[in-house]
Amino acid sequence: VSSGIRGVSSRSGKVEKLTVFGAGLMGAGIAQVGAQNGFKVILSDVTDKALQNGLNIISKSLSRIGKKTQPDDVEGFTKGIMDNISTTTDAGEAVEEADLVVEAIIESLKIKRDLFGYLDTKAKAGCIFASNTSSLSITEIAQSCSTERQMRFAGLHFFNPVPAMKLVEIVRTTHTSDETYETLRSITEQMGKSPVTCKDTPGFIVNRLLIPYLLDAIRMVERGDATPEDVDKAMELGGGYPMGPFKLLDFVGLDTASYIAQGWREKSGSGGISEEVVKPIPLLDRLVKEGKMGRKSGKGFYDVPKLFNSPTF
Ligand code: 3HC
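What you see is a predicted model, and the numbers here were worked out from it, not measured in a lab.

1. Re the UniProt feature "site: Important for catalytic activity" (unreviewed entry) in the protein chain
Turning to step 1, where the next piece is worked out: UniProt annotation of "site: Important for catalytic activity" (unreviewed entry) refers to H157 when read in the numbering used here.
Turning to step 2, where the next piece is worked out: By the secondary structure assignment, H157 is in strand β8 (residues 153-158).
Turning to step 3, where the next piece is worked out: Classification of H157 by relative accessible area gives buried; the value is 4%.
Turning to step 4, where the next piece is worked out: Among residues more than four places away in sequence, those in contact with H157 are N132, T133, S134, L167, V168, E169, F204 and N207.

2. Considerations on the packing of helix α10 (residues 228-237) against helix α11 (residues 245-252)
Packed helices, taken two at a time, are described by their axes: the angle between them and the distance between them.
Turning to step 1, where the next piece is worked out: Relative orientation of the contacting elements α10 and α11 amounts to 100°, with a least axis distance of 7 Å. With respect to their mutual orientation, α10 and α11 come out roughly perpendicular. Residue-level inspection shows P228, V231, D232, M235 and E236 of α10 in contact with α11, the latter providing P245, F246 and K247.
Turning to step 2, where the next piece is worked out: Residue composition of the contact of α10 with α11, grouped by class: 5 nonpolar, no polar and 3 charged.

3. Some details on the environment of T256
Turning to step 1, where the next piece is worked out: Mapped onto the fold, T256 is located in helix α12 (residues 254-266).
Turning to step 2, where the next piece is worked out: Judged by relative accessible area, which is 14%, T256 ranks as buried.
Turning to step 3, where the next piece is worked out: Along the backbone, T256 and L109 are 147 residues apart, and their C-alpha atoms lie at a distance of 15 Å.

4. Some thoughts on the confidence of the model for the protein chain
Turning to step 1, where the next piece is worked out: Chain-level pLDDT for the protein chain is 93 on average; 94% of the residues reach the 70-or-more range.
Turning to step 2, where the next piece is worked out: pLDDT under 50 marks residues 308-313. Its contacts with residues more than four places away, or in other chains, come to 27 contacts.
Turning to step 3, where the next piece is worked out: What the predictor reports for the complex is a pTM of 0.93 with an ipTM of 0.95.

5. Re the packing of α12 against helix α14 (residues 282-289)
Turning to step 1, where the next piece is worked out: The contact between α12 and α14 brings their axes to 10 Å, and the two run at 130°. In terms of orientation, α12 and α14 fall into the oblique class. Relative to α14, α12 is oriented so that their crossing is left-handed. Listed contacts from α14 to L254, D255 and S258 of α12 are L284, D285, L287 and V288.
Turning to step 2, where the next piece is worked out: A class-by-class count of the residues in the contact of α12 with α14 yields 4 nonpolar, 1 polar and 2 charged.

6. What about the pattern of salt bridges?
It is possible for side chains of opposite charge to pair when their charged atoms get near one another.
Turning to step 1, where the next piece is worked out: Overall, the coordinates contain 17 salt bridges when judged by the stated rule.
Turning to step 2, where the next piece is worked out: Of the charged contacts, one joins R185 and E189 as a salt bridge, the two residues approaching to 3.9 Å between their closest N and O atoms. Of this pair, R185 and E189 both sit in helix α8 (residues 178-190), separated by 4 residues, roughly a single helical turn.
Turning to step 3, where the next piece is worked out: We classify E189 as partly exposed; its relative accessible area is 45%.
Turning to step 4, where the next piece is worked out: Between E290 and K292 there is a salt bridge, with the nearest N and O atoms lying 3.1 Å from each other.

7. Thoughts on the packing of aromatic side chains
Turning to step 1, where the next piece is worked out: Per the stated rule, a full pass over the model turns up 5 aromatic pairs.
Turning to step 2, where the next piece is worked out: Centre to centre, the rings of F116 and F153 are 4.8 Å apart; their planes meet at 65°, and the pair counts as edge-to-face. Linking F116 in helix α5 (residues 109-122) with F153 in strand β8, this pair joins segments that are 37 residues apart in sequence. By the burial criterion, F116 is buried, and F153 matches it.

8. Considering the pairing of strand β7 (residues 128-131)
Each regular strand carries side chains that alternate between the two faces of the sheet.
Turning to step 1, where the next piece is worked out: Burial along β7 is two-sided: the residues I128 and A130 and F129 and S131 are all buried.
Turning to step 2, where the next piece is worked out: Examined bridge by bridge, strand β6 (residues 100-103) and β7 share 4 bridges and lie parallel to one another. When the sheet's bridge partners are listed, L100 is paired in β7 with I128.
Turning to step 3, where the next piece is worked out: For the crossover that starts at β6, traverses α5 and ends in the parallel β7, the hand is right-handed.
Turning to step 4, where the next piece is worked out: Here β7 runs beside β8; their pairing, made up of 3 bridges, is parallel.

9. Here's the deal with the sheet that holds strand β3 (residues 17-21)
Turning to step 1, where the next piece is worked out: One open sheet holds the 8 strands; their spatial order is β5-β4-β3-β6-β7-β8-β9-β10, and the pairing between them is mixed. Here the strands that pair on one side only, and so sit at the sheet edges, are β5 (85-88) and β10 (194-199). Strand after strand, the sheet turns through a mean of 25° between neighbouring axes, direction not considered.
Turning to step 2, where the next piece is worked out: Sheet topology note: the β8/strand β9 (residues 167-172) ladder contains 4 bridges and is antiparallel.

Procedures and definitions
Residues numbered from 1 in each chain as written. Predicted model: local features only at pLDDT ≥ 70, side-chain atom pairs only at ≥ 80, totals over all residues. Heavy atoms only, no water. UniProt positions renumbered as here; feature names shortened; annotations may be inferred. Helix = DSSP H or I, 4+ residues; strand = E, 2+ residues; numbered from the N terminus. Buried < 20%, exposed > 50% of the residue type's maximum accessible area, 1.4 Å probe, protein only. Contact = heavy atoms within 4.5 Å. Axes fitted to C-alpha atoms, helices over the stretch in contact; angles between N-to-C directions. Parallel < 35°, antiparallel > 145°, perpendicular 65-115°, else oblique. Nonpolar A, V, L, I, M, F, W, Y, C, P; charged D, E, K, R; others polar. pLDDT = per-residue confidence, 0-100. Left-handed = near helix turned anticlockwise from the far one by under 90°. Salt bridge = Lys/Arg side-chain N within 4 Å of Asp/Glu carboxyl O. Phe/Tyr/Trp six-rings, centres within 6.5 Å; stacked < 30°, edge-to-face > 60°. Pairing = 2+ DSSP bridges. Right-handed = clockwise from strand over helix to strand, strands pointing away.

Printed below as a string of structure tokens:
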């Protein structure tokens, strides 16, 4: 791990400056891996409280890594990387010098489009825009930008917990240029991640397969076929999964899973997702309504320790 600024070369210049919007779990994780791997990072959100929350997530994760990799100087290790991250609530200022913008704010098409439309007028012409959305169409988000920017627009989908999960899905729209795609591949590799490529389809690769599996697990428990504990044990010991579906649901957030299913329901038929797969699940709806979102709210299928107040996801 280095805290020196290196960056990635692309045909149009060096990518050194990364701006991340959204200081929730995903945004904080993306800012962290950028800073850990030589990028100068600006983390931006709408309030100072949200930014402080993001910095807390990052420093906690870095001390966990430091304890293993640099046990003699965990504080120095953490500080060296945190020094690569600055924060601002001013979105325009955040992108003035950025080479790459990664957005990980609330999953609202309108709010994302408003943000990118504004950033398009503030960022350098060569700056690449990327969204970490897990449920929205990259093409529809990118339409808020100029035609030139749409060529420099793609999905960059990280996985939770970002510092530990190796995968990044690079989502190409029909407008994403080869140069943008190649630059994003180099950047994700420099961040120590392994990229895969996908068209702009619902759920991309991982969620397209994972969400139906998670929803089916809830239906299994709802029918009374097995307990969450036994389903988890079965998939961990019999399926080789690091976490069973209910631990994973608590981990990613029941609201997130429900939101993705709802988005697909509204677009049912597209991307080959059948109505049967995404039909509402009363048990899931009830838990979400009761505020049982999993780890982020302290209760889900299990009583799980509350992580941080995460205003964005
Ligand atoms: N920061 C830094 N490092 C972390 C970390 C964090 N927040 N969380 C875990 N790690 C590291 C640990 O330090 C450890 O590193 P090491 O191998 O170098 O020692 C490694 O990850 C494994 O952690 P642990 O030993 O503490 O625990 P586990 O072996 O149980 O692994 C886990 C934890 C990585 C979370 C594992 O249980 C796992 O892979 N779970 C499944 C997670 C998953 O499927 N995520 C994808 C969800 S879907 C998604 O995000 C898409 C979205 O759109 C919904």
